[in-house]
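Here is how the chains run, residue by residue.
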Amino acid sequence: MKKIIVIITLCLAYSVNAQVAMSRYIQVKDGQREQFIKSAAMKTKIFNSVPGQTKFYTFNITTGPRTGEILRVRVEDSVQLMDNNNQKEVDYWVKNVQKHHTSSNSILWGLNKEATYLPNNGSKKMSRVIEYNIKSNSLEDFWRFRTRVAKAAKESGANVHMWVWDCVSGCDGNTVWVSFGHDNYKEFWEDNTKEWAKVSSKYAELYGEGSYEKDILDLDNSLEMYGKRTFNSELIPELSSSF
């Protein structure tokens, strides 16, 4: 019963009033990348560049098996807003952009506020995404670390940007994306060394000596076989809304 209550509580962390995102992978056709960028940039300028318009963020994947593909993400402040589709915007994409690409793997994500930590609202030029696939009977162990480490990051004041997205629809099993934002590889290194040391130290202070190591081990054991993969991506500004 305790685990059921914990799981329900965590699911409510992304309610219908929480931020959601719809992601998909785009494969640009051979020799058409320049045309794709140009036409998608014009579509973004017309339909996604001012407040009140649909927000899209577009990333070039730079590591992993999808290197060279594009990750495109629509973000809304609540799931109900996914119903708001501008037909002129859709028609423009179909007519001018779609001919240059194919796409796959559309997924709806919900932002888990309890596990997310953002010291400010600034944008980041690159991100490192960790994708987890979690055993159904081990969700409590997984989320214990993720929610605790977000609190430790906040309490420590570390300059770490960490978004946690829980799959709502389109995934096999219990899938979570943890995305860390960085301005460049220098900051990537500093965030994972100097800044993260502040987080782990505060974690031990909050939850006891050795808790950080124990909870990470429990998280690792909560994963399915091959239940963790990572990839890096870089923001394509001209194909993205403002933050």
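Heads up: the structure comes first, above all this text.
The paragraphs below set out a description of the structure included in this document. Predicted model only: the values in this text are computed from it and were never measured.

What follows covers the sheet that holds strand S5 (residues 126-134). Taking strand neighbours around the barrel as the criterion, the eight strands line up as S1-S3-S2-S8-S5-S7-S6-S4 in a closed arrangement whose pairing is antiparallel. Here the average twist between neighbouring strands, direction ignored, is 35°. Of the pairings in the sheet, the one linking strand S1 (residues 20-28) to strand S4 (residues 101-111) comprises eight bridges and is antiparallel in character. Within S4, the residue paired with alanine 21 across the bridge is tryptophan 109. Against the sheet, helix H2 (residues 33-47) engages S1, strand S2 (55-61), strand S3 (70-76) and S4, with an angle of about 10° to S3.

Turning to the packing of aromatic side chains, a few remarks are in order. All chains considered together, the criterion is met by 12 aromatic pairs. The interplanar angle of 70° and the centroid separation of 5.2 Å between the aromatic rings of tyrosine 132 and phenylalanine 142 together place this pair among those described as edge-to-face. Highlighted residues: tyrosine 132 in strand S5 and phenylalanine 142 in helix H4 (residues 139-156), separated in sequence by 10 residues. Considered together, tyrosine 132 and phenylalanine 142 belong to a single accessibility category, that of buried residues. Geometrically, the ring pair formed by tryptophan 177 and phenylalanine 231 is edge-to-face, given 5.7 Å between the ring centres and 70° between the ring planes.

Turning to the side chain of serine 179, a few remarks are in order. Within the element layout of this structure, serine 179 appears in strand S7 (residues 174-182). Among the residues examined, serine 179 registers a relative accessible area of 14% and is labelled buried. With residues up to four places along the chain from it excluded, the contact list for serine 179 reads Ser127, Arg128, Val129, His161, Met162 and Trp163.

To continue, consider the nonpolar core. Tyr132, Phe142, Met162, Trp196 and Val199 are the most contacted members of the largest nonpolar core, which totals 26 residues. For this core, the elements supplying multiple residues, two or more each, are S5, H4, strand S6 (161-169), S7, helix H5 (185-207) and helix H6 (211-221). Discounting residues that sit within four places of it in the chain, tryptophan 196 has contacts with Val149, Val160, Met162, Phe180, Asp191 and Tyr212. Judged by nonpolar contacts, the second largest core, of 18 residues, contains Ile107, Leu111, Val129 and Leu235.

Cut-offs applied
- Residues numbered from 1 in each chain as written.
- Predicted model: local features only at pLDDT ≥ 70, side-chain atom pairs only at ≥ 80, totals over all residues.
- Heavy atoms only, no water.
- Pairing = 2+ DSSP bridges.
- Helix = DSSP H or I, 4+ residues; strand = E, 2+ residues; numbered from the N terminus.
- Axes fitted to C-alpha atoms, helices over the stretch in contact; angles between N-to-C directions.
- Contact = heavy atoms within 4.5 Å.
- Phe/Tyr/Trp six-rings, centres within 6.5 Å; stacked < 30°, edge-to-face > 60°.
- Buried < 20%, exposed > 50% of the residue type's maximum accessible area, 1.4 Å probe, protein only.
- Core = buried A, V, L, I, M, F, W, Y, C linked by side-chain atoms within 4.5 Å.

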